[in-house]
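Remarks on the overall topology
For reference, the chains in residue letters:
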Amino acid sequence: MGIRFDSVTVRYGDNTVLDSLDLTVEPGEVMALLGPSGSGKTTALRAVAGFVTPAAGRVLIGGRDVTALPPHRRGIGMVVQQYALFPHLRVEQNVAFGLKARKVPRARIAERVSEALRMTGMERYARRYPRELSGGQQQRVAIARALAIRPGVLLLDEPLSALDAQLRSGMLAELARLHRELPDVSILYVTHDQIEALTLADRIAVMDKARLQDCGTPQDLYRRPRTEFTASFVGNANLLPVTVIGDAVRFGGTELKVPVDGIAPGAAATLCVRPHLVGLGEGPNALRGTVAEVQWRGATHRVFVDIDGHQIKADVRELRTPPALGQQVAVHFATQDAVLLGAGVADG
Amino acid sequence: MLVHSRGGRWAVWIVFFALFLPVFALPFLVIMVASFATSWSGAFPSGMTLGHYQELTKGDSPHALLTSLVTALVASLAALAIGTWAALGAEALRRRGRRVVDALFMLPVAVPSVVVGLSLLVAFSKPPLLLNGTSTIVITAHTVLVTAFAYQSVAAALTRLDPAYEQSAASLGARPSYVLWRVKLPLLLPSLTAAAGLCFALSMGELSATMMLYPPNWVPLPVTIFGATDRGALFTGAALAVVLMASTLLVLFAVSRIRNRASYR
């Protein structure tokens, strides 16, 4: 079942928290809503679940307008940040909750509960109470509970944010596997973590200030961001204000060869280069400046270079002799690794 | 620990006992001792006896105890039902509406209970609502007086309840009534039993409104105690008071057992 936002606007009093969102999640697709807190991503998810009523627009699930339907008649599965497992019910009762509420025959309930627990690897914990489980296990039960009702749509609201880093990457793989097992379920995945979005999503919708900023496949957004916000929020980015001159751009006094993509000569633009694509030393598109900071990050060094009042980050393979602070260095990048963002100029 | 130095801790303990013992603990001890005494003229009572308690097994006292227990039980259950219902209803209101309901339920606490008793007496003394002289009017008065506490504890518990439970239940396909019975009320159970216990204890000790209303065939224990001390039977009154205390504590203890079993997480 797909999800469609049709110009959905949500207001709290005078405060617009979601501004005419148009977005379609195809059946079986994993769509990540990525954005900082207050960007409207959770509001969008809650509009699908039915916990907020749009001031304007429609929400469609599987082609059916559900805007006026109460939450319990929408047929969705949902997992929230703190899981909200019912503390007075055992794991199996938690998983059976939705089935009982829907008056599924008793024999079928047992079958579906054990299926959901098997899929999430929690069969052994069926008789436990939620308080007797670890965070990761509670997470699995919450997913099992949502999957037991065989929803066409699964809503995940920051499902991994309460887990520690190691568990999180394990659960990411687990979620990807679950989705392979249930290829027909559309997943709307709200997160502020770009790694989660890049790893899991078929497409990412980038949200900021109550609006959809950008939408595309992870590769697309990462390699060819369309806005400065996307560039800096999806992965790291060096953003430099430049002026277009013919088929190149000028940054300070330096001319740089980059794909101009039909932006008119004389126009101001922002140049985006990913730090790991910036090399240290002379090369094509070289810029010279002084080392402002060197951070050792295990496998890499991040070198911050001041160039004409702007800072460029270069992530390079661990250096045997990292440059000293204040040392004059050159950085460079390949023409095809740079992206020119059309709109205004801001200092990255 | 707020106080770190050893001397400071001693000082706090001494102040605590200096305040607690004479004001809270000693009077109870005196009542207990007095209930076994036949005379108390000097510093200590004399003529220790079980006679007062034996007396209580005859006469009106057993009936008074039963009356109190029934009144308190019915009143606290009714108060719990009304208070919970009102708190659930108020939760759905906007801020201003909720404030009005809050104020309404505070009224019986703000108004002296003698006034509550009198107003019920005046209101229900004529047909079609002629309750004067019945046990119903006493139970009604107790219910009115303790519902405020039930409402407040349940309302407070509701604001602490994470809405994510309700929402998760709804997203799983549970109708609002199903969510109420299977999720909200079970999660509120510890607060509900605490509220019931509080109401029960308050009702067991209620005197002033009861005095305005009680009919001859429905005399709760506090009225009997008042009557006994009023006619000078101080030691009998003390024995009755001990019975009242003990039975209230017994019920509260039983309720707290339920609460312990019902508290999650």
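Conventions we followed
- Residues numbered from 1 in each chain as written.
- Chains lettered and ligands numbered in written order.
- Predicted model: local features only at pLDDT ≥ 70, side-chain atom pairs only at ≥ 80, totals over all residues.
- Heavy atoms only, no water.
- UniProt positions renumbered as here; feature names shortened; annotations may be inferred.
- Helix = DSSP H or I, 4+ residues; strand = E, 2+ residues; numbered from the N terminus.
- Salt bridge = Lys/Arg side-chain N within 4 Å of Asp/Glu carboxyl O.
- Buried < 20%, exposed > 50% of the residue type's maximum accessible area, 1.4 Å probe, protein only.
- Pairing = 2+ DSSP bridges.
- Right-handed = clockwise from strand over helix to strand, strands pointing away.

In the nomenclature of an unreviewed UniProt entry, chain B corresponds to ABC transporter permease subunit from the organism Streptantibioticus ferralitis. Per its UniProt entry, chain B bears the Sequence similarities (unreviewed entry) comment "Belongs to the binding-protein-dependent transport system permease family."

Per an unreviewed UniProt entry, chain A goes by ABC transporter ATP-binding protein and derives from Streptantibioticus ferralitis.

Examining the UniProt feature "domain: ABC transmembrane type-1" (unreviewed entry) in chain B
The UniProt record annotates "domain: ABC transmembrane type-1" (unreviewed entry) at residues 65–255 of chain B. Taken end to end, residues 65–255 of chain B comprises 82% helix and 0% strand; its first and last C-alpha atoms sit 19 Å apart.

Observations concerning unusual backbone geometry
All names here are of chain A. One non-glycine residue, Asn285, lies in the positive phi region at around 50°. Even without glycine at this site, Asp308 takes up a positive phi of about 50°. Note on placement: Asp308 falls in the loop between β17 (300–307) and β18 (310–317).

Points about the pattern of salt bridges
All names here are of chain A. Applying the stated criterion across every chain, the model contains 20 salt bridges over all chains. In this structure, Lys209 engages Asp208 in a salt bridge whose closest nitrogen and oxygen atoms are separated by 3.5 Å. Judged by relative accessible area, Lys209 falls into the exposed class, the value being 64%. Using a relative accessible area of 11% as the deciding quantity, one classes Asp208 as buried. The closest approach of N and O atoms between Arg302 and Asp315, which form a salt bridge, is 2.7 Å. Of this pair, Arg302 sits in strand β17 while Asp315 sits in strand β18, and the two are 13 residues apart along the sequence. Look at the salt bridges and you will find they share partners, linking Arg140, Glu174, Arg177 and Glu181 into a network.

Things to note about the pairing of strand β8 (residues 186–191) of chain A
All names here are of chain A. Counted residue by residue, β8 has 6 buried out of 6 residues, so it is predominantly covered. Inspection of the sheet shows strand β7 (residues 153–157) paired to β8 by 5 bridges, in the parallel sense. Paired with Val153 across the bridge in β8 is Ser186. In this region the chain leaves β7, passes through helix α5 (residues 165–181) and returns to the parallel neighbour β8; the handedness of that crossover is right-handed.

With respect to the pairing of β7 of chain A
Residues and elements named next belong to chain A. With 5 of 5 residues buried, β7 is to be regarded as a mostly interior element. Here β7 shows two buried faces, one formed by Val153, Leu155 and Asp157 and the other by Leu154 and Leu156. Two elements, strand β6 (residues 76–79) and β7, share 4 bridges in a ladder whose sense is parallel. Of the residues in β7, the one forming a bridge with Val79 is Leu156.

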